[in-house]
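If you want the building blocks of each chain, they are given just below.
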Amino acid sequence: MPTGPASLKIQDNNQSVVAERAVLVGLILPNSDHGATRYDPLAELAGLTAAAGADVVGRVVQKRGQICASTYIGRGKVNELAEYAAAKEADVVIFDNELAPSQIREVERIIEHRVIDRTELILDIFASRARTHSARLQVELAQLEYTAPRLRGMWSHLERIAGAGGGTTAGAVGGVGTRGPGERQIEIDRRLVQKRVTFLKSQLANIDKRKIREVKSRSDYYTISLVGYTNAGKSTLMNALTNADTLVEDKLFATLDTKTRKWNLGGGQVALLSDTVGFVRNLPHQLVASFRATLEETVHADLLLHVVDASSHDAPGQIKAVERVLDDIGCHDTPRLNVLNKVDALDDESSIHILRANHEDAVEISALTGKGIDELTERILDRVRGRYARVMLEASATNGRLLSYLSQYAHILDRSYTDGTMRLDVRLPTQELPRVLNLGATVISSE
Ligand SMILES: Nc1nc2c(ncn2[C@@H]2O[C@H](COP(=O)(O)OP(=O)(O)OP(=O)(O)O)[C@@H](O)[C@H]2O)c(=O)[nH]1
Ligand SMILES: [Mg+2]
């Protein structure tokens, strides 16, 4: 099949699992956003390929003024690629771009190797990483939506193989003007895919609704969402700040769901901190759309902590890619604080000077060694203090209106009753304080 996972295959002879051998192909156009071009234009694709469990056995890069409509890279280059892939004994050829189904089909026809594009590779990694029920549904939906328009391509490929190998019935090619079994099969496949897509969408709509309710119920907290390029150190920072036990791994897309934890900032202030899926350049938009529930915290956060791997040569490009995704999901106006992470690992070629110049208010930290964490906490605390107050209130124990108002707009941390008087330890948005006083409460103390 032309589409499908680039991950692992079982060797026929001894049943051991071996990694697939992949040849990477990149087309560099005059306006290509290749971030790390200066160093290695295929470095990121190599990382993604490794994340999918395949071995990179060769690389081909072409610079060209424009894409070739039929084969994406130039025809001559495709012929070279055919020889190269054969010499390298490749199982799969992976393009660093999004190809049209017809282009994939044509390249496959010429080079006689399976071809997948960057989008399929990313979808494949997500599929292999998805652990939670909703992550699985989200990935499956994105895969089906990406695959559906390609079904014709898949089927004609099977027809071709059957034809070439003198195959039997299923792949027989219908003549001009006839609708062969392949055509019928496409319709059946399309209907099945459509049915499954409808089912997944309804399941995800329910998850979305639940998630929206859950996120709303947190509105009395200051909510912070960690965002950033994959592998930037978001989960490491989450663990450092909240003693959470989020999975940290030196691999792309270690985190695919969202975890939310209380972050005790000191001074009686608490924020909710969420760690979520990392972003990457050209994240497939099907994936962004179907990860709606996972990104709900980010969309509604009071503050985005943009974690940047400052030790990466590609940091400025990664920042741009993350900002693009944030715009896509509707976070244009959400306040942001840039966090330059991994400052313990800077080398001579790091772009830290550019980062400092472009992001003057950024906080420099190392989530690994703890450097800068206190300053980061202080900076957040300043923002939270301006927005929330923690007060001890006193009121008549029979003041039901006050209680119902507080239960709606504030967070009651503790309450006690003595002689018809209630005492409430409350955290609430500063702007609600006048109304609370109007409802008959007295402030005993505040922080
Ligand atoms: N040297 C150094 N390494 C770090 C630092 N923070 C994180 N790392 C390493 O970077 C790798 C990725 O860390 P994660 O916390 O999993 O990154 P993430 O942003 O959550 O990645 P995804 O979930 O895959 O998007 C791990 O190997 C971490 O140990 C740091 O401050 N310094
Ligand atoms: Mg993570």
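Residues numbered from 1 in each chain as written. Chains lettered and ligands numbered in written order. Predicted model: local features only at pLDDT ≥ 70, side-chain atom pairs only at ≥ 80, totals over all residues.

Examining the overall build of the chain
- Counting its regular elements, the chain contains 15 helices and 16 strands.
- Relative to its 447 residues, the chain shows a buried fraction of 38%.
- Long-range contacts, defined here as pairs at least 24 residues apart, represent 69% of the contacts in the chain between residues at least 6 apart. (Helix = DSSP H or I, 4+ residues; strand = E, 2+ residues; numbered from the N terminus. Buried ≥ 20, exposed ≤ 12 C-beta atoms within 10 Å, placed from the backbone. Contact = placed C-beta atoms within 7 Å.)

Details of the sheet that holds strand β6 (residues 114-117)
- If you walk across this open sheet you meet the 4 strands as β4-β3-β5-β6, and the pairing is parallel. The sheet terminates laterally at β4 (55-63) and β6, the two strands that pair on one side only. Mean inter-strand twist for the sheet, computed between neighbouring axes without regard to direction, equals 25 degrees.
- When strand β3 (residues 21-28) meets strand β5 (residues 92-95), the two strands line up parallel, connected through 4 bridges. By the bridge assignment, Ala-22 is partnered in β5 with Val-92. (Pairing = 2+ DSSP bridges. Axes fitted to C-alpha atoms, helices over the stretch in contact; angles between N-to-C directions.)

Considering unusual backbone geometry
- Of note, the phi angle at Lys-342 is positive, near 65 degrees, even though the residue is not glycine.
- The topology assignment puts Lys-342 in the loop between β11 (336-341) and α12 (352-358).
- Residue classification places Lys-342 among the buried residues on the basis of 25 C-beta atoms within 10 Å.
- Positive phi values are uncommon outside glycine, yet Asp-419 reaches one of about 45 degrees.
- Summarising the element assignment, Asp-419 is placed in the loop between β14 (411-418) and β15 (421-429).

Here's the deal with the packing of helix α1 (residues 43-51) against helix α4 (residues 118-129)
- α4 packs onto α1 with a crossing angle of 40 degrees between their chain directions and a minimal axis gap of 9 Å. Between α1 and α4, the angle falls in the class oblique. For α1 against α4, the interelement crossing comes out left-handed. Counted together, Leu-45, Leu-48, Thr-49 and Ala-51 of α1 and Arg-118, Leu-121, Ile-122 and Ile-125 of α4 form the full contact between these two elements.
- Per-class residue counts for the contact of α1 with α4 are 6 nonpolar, 1 polar and 1 charged. (Parallel < 35°, antiparallel > 145°, perpendicular 65-115°, else oblique. Left-handed = near helix turned anticlockwise from the far one by under 90°. Nonpolar A, V, L, I, M, F, W, Y, C, P; charged D, E, K, R; others polar.)

Let's talk about the site of ligand 1
- The environment of ligand 1 is formed by 23 residues, the closest being Gly-233, Ser-235, Asp-250, Thr-255 and Gly-278.
- For the shell around ligand 1, the per-class residue count stands at 8 nonpolar, 10 polar and 5 charged. (Near = placed C-beta within 6 Å.)

Considering α1
- All of the buried residues in α1 are Glu-44, Leu-45, Leu-48, Thr-49 and Ala-51. In a view along the axis of α1, the buried residues occupy a sector of 160 degrees, so they form one face of it.
- Gly-53 sits one or two positions beyond α1 and adopts a positive phi of about 90 degrees. (Arc of directions from axis to C-beta.)

A look at the sheet that holds strand β9 (residues 269-275)
- With respect to topology, 6 strands assemble into an open sheet ordered β8-β9-β7-β10-β11-β12, the strand pairing being mixed. In this open sheet, the two strands that pair with only one neighbour each are β8 (259-266) and β12 (363-364).
- Note that β11 and β12 share 2 bridges and pair parallel. Within the sheet, the bridge partner assigned to Leu-340 lies in β12 and is Glu-364.

Side note on the nonpolar core
- Core analysis: the biggest nonpolar cluster contains 97 residues, and Val-25, Val-93, Ile-94 and Ile-125 have the highest contact counts within it.
- The element contributing the most residues to this core is helix α11 (residues 315-328), with 6 residues.
- Filtering out sequence-adjacent residues up to four positions away, Val-93 remains in contact with Val-23, Val-25, Leu-81, Ala-85, Ile-111, His-113 and Val-115. (Core = buried A, V, L, I, M, F, W, Y, C linked by C-beta atoms within 7 Å.)

Regarding the environment of Ile-365
- Mapped onto the fold, Ile-365 is located in the loop between β12 and α13 (373-387).
- Leaving out residues up to four positions away in the same chain, Ile-365 has contacts with Val-339, Asn-341, Val-343, Lys-371, Gly-372, Ile-373 and Leu-376.

Notes on the pairing of β3
- With 6 of 8 residues buried, β3 is to be regarded as a mostly interior element.
- Here β3 pairs with β4 via 8 bridges, running parallel. Paired with Arg-21 across the bridge in β4 is Asp-55.

Concerning the packing of α4 against helix α5 (residues 133-147)
- At a minimum axis separation of 9 Å, α4 and α5 run at an interaxial angle of 155 degrees. Taken together, the axes of α4 and α5 are roughly antiparallel relative to one another. Regarding α4 and α5, the two cross each other, and that crossing is left-handed. Contacts between α4 and α5 involve Thr-119, Leu-123, Phe-126 and Ala-127 from the first element and Val-139, Ala-142, Gln-143 and Tyr-146 from the second.
- Looking at the contact of α4 with α5, its residues break down into 6 nonpolar, 2 polar and no charged.

A look at the environment of Asn-206
- Relative to the helices and strands, Asn-206 resides in helix α7 (residues 181-216).
- Each C-alpha atom of the pair Asn-206 and Ala-293 lies 9.8 Å from the other, and the pair is 87 residues apart in sequence.

What to know about the environment of Ala-362
- Secondary-structure assignment places Ala-362 in the loop between α12 and β12.
- Separated by 22 residues in the primary sequence, Ala-362 and Leu-340 place their C-alpha atoms 6.6 Å from one another.
- Setting aside residues no more than four positions away along its own chain, Ala-362 makes contact with Asn-338, Val-339, Leu-340 and Leu-355.

Some remarks on the confidence of the model for the chain
- The pLDDT averaged across the chain works out to 82; a share of 85% of its residues lies at or above 70.
- Confidence drops under a pLDDT of 50 for residues 1-16, and excluding neighbours within four residues, the segment shows 41 contacts in the predicted structure. (pLDDT = per-residue confidence, 0-100.)

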